[in-house]
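# Chain and residue survey
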Amino acid sequence: MSNREFNAYISQKISVSPEIIILRIVPDGWDLPEFDPGQYAVLGLPGSAPRVELSDADESPVDPDKFILRAYSVASASRQKEYLELYVTLVRSGALTPRLFALNPGDKIHLAPKIKGVFTINELPSDLNLVLMGTGTGLAPYMSMIRSCIRPGEKRKFAVVHGARHSWDLGYRSELMTIRNITDNLAYIPIISRPKLEMVPWAGEVGYVQQVWDRNLISDQWGFQPTPENTHVFLCGNPGMIESAVTLLASHGFKEHSKRSPGEVHLEKYW
Ligand SMILES: Cc1cc2nc3c(=O)[nH]c(=O)nc-3n(C[C@H](O)[C@H](O)[C@H](O)COP(=O)(O)OP(=O)(O)OC[C@H]3O[C@@H](n4cnc5c(N)ncnc54)[C@H](O)[C@@H]3O)c2cc1C
């Protein structure tokens, strides 16, 4: 299959807020590829595709025939074969997201035939606990991990720590609260950074995702302290958050993972 062609449809578009959407995509006449939770898909639209009204104009001229390609972490479960779900934030000055936001169900899009990436939990021992920390749409790969891996009888603990500016930007909140309520495995800690702008006073955590560590919020819910021996930590989204979390985790003995030098902290920077 060619790398750049309309080969899939938008089947559903769910608005989380004016600047955050959940897109479901269905291949046109081919099967969704196998993938591991945590991996990313590549979407594309040509420069001729219209931009959503809420966005700014293109920063530089775009070739109308050339496909603009970007990576998006898959949010759906790996066993979900009907559609691929993605969680996308609008970058008003961006090249692709204003065009993605202008799409509606039935519109065509390019979906690269392979889903890739190493930000996965499949090769980790199944008794290790997992702390999944993300900002904004950095929650997407964790939705795939949670939806794919939490099962009745599951022994390991998961903690999802989701940071956003406002409570209305906390996508998937009701799904995560439901999973937390029906299993003993999930700690879910939403945290907002701009509480003064809330319409209704926010009773939850305030600050930045990395602060949950020193506030013992995970150990309060798990009943034990996450340590490098019993837990791996995943960090996804804003590179600024990732850098400060890596430094903070290092002071607790957690080491950044690489293929050459295994550690307990796994990173996916979105830009
Ligand atoms: C492996 C990987 C997975 C990704 N998964 C997702 C995902 O699931 N959801 C998602 O929305 N984006 C995701 N991204 C980012 C995505 O690929 C694009 O960079 C983003 O959508 C902006 O594209 P654009 O063409 O509109 O902006 P561009 O014209 O490419 O402008 C890029 C600028 O936009 C800003 N930016 C990029 N991503 C974000 C973001 N998520 N939130 C806020 N500001 C951002 C940064 O300032 C960046 O410098 C991922 C990136 C990588 C590398």
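Residues numbered from 1 in each chain as written. Predicted model: local features only at pLDDT ≥ 70, side-chain atom pairs only at ≥ 80, totals over all residues.

### So, the sheet that holds strand β11 (residues 231-237)
Spatially, the six strands line up as an open sheet ordered β10-β9-β8-β7-β11-β12, and their pairing is parallel. Single-partner strands in this sheet number two, and they are β10 (205-206) and β12 (265-269). In the packing of helix α3 (residues 173-182) onto the sheet, contacts are made with β8 (158-164) and β9 (186-192), and the angle to β9 comes to roughly 150 degrees. Docked against the sheet, helix α6 (residues 239-250) engages β7 (129-135), β8, β11 and β12, running at close to 165 degrees with respect to β12. (Pairing = 2+ DSSP bridges. Helix = DSSP H or I, 4+ residues; strand = E, 2+ residues; numbered from the N terminus. Contact = placed C-beta atoms within 7 Å. Axes fitted to C-alpha atoms, helices over the stretch in contact; angles between N-to-C directions.)

### A look at the site of the ligand
Taken together, 20 residues sit near the ligand, with Ala 71, Gly 94, Leu 96, Thr 97 and Thr 137 positioned nearest. Broken down by secondary-structure element, the contributors of at least two residues to the shell around the ligand are β4 (67-73) and β5 (84-89). Here the residues of the shell around the ligand are counted per class, giving 12 nonpolar, six polar and two charged. When we break the shell around the ligand down by domain, the ones giving at least three residues each are domain 1 (8-111) and domain 2 (129-269). (Near = placed C-beta within 6 Å. Nonpolar A, V, L, I, M, F, W, Y, C, P; charged D, E, K, R; others polar. Domains from an automatic or database assignment.)

### A short note on the domain arrangement of the protein
For the protein, the domain assignment lists domain 1 (8-111) and domain 2 (129-269). Put simply, the middle of domain 1 and the middle of domain 2, counted by C-alpha atoms, are 25 Å apart. The interface is formed by 17 residues belonging to domain 1 together with 14 residues belonging to domain 2. When contributions to the side of domain 1 that touches domain 2 are tallied by element, the ones reaching two or more residues are β1 (8-17), β2 (20-27) and β5. Among the elements that make up the side of domain 1 that touches domain 2, the one with the highest residue count is β5 (four residues). Residues belonging to the side of domain 1 that touches domain 2 are distributed by class as follows: 10 nonpolar, six polar and one charged.

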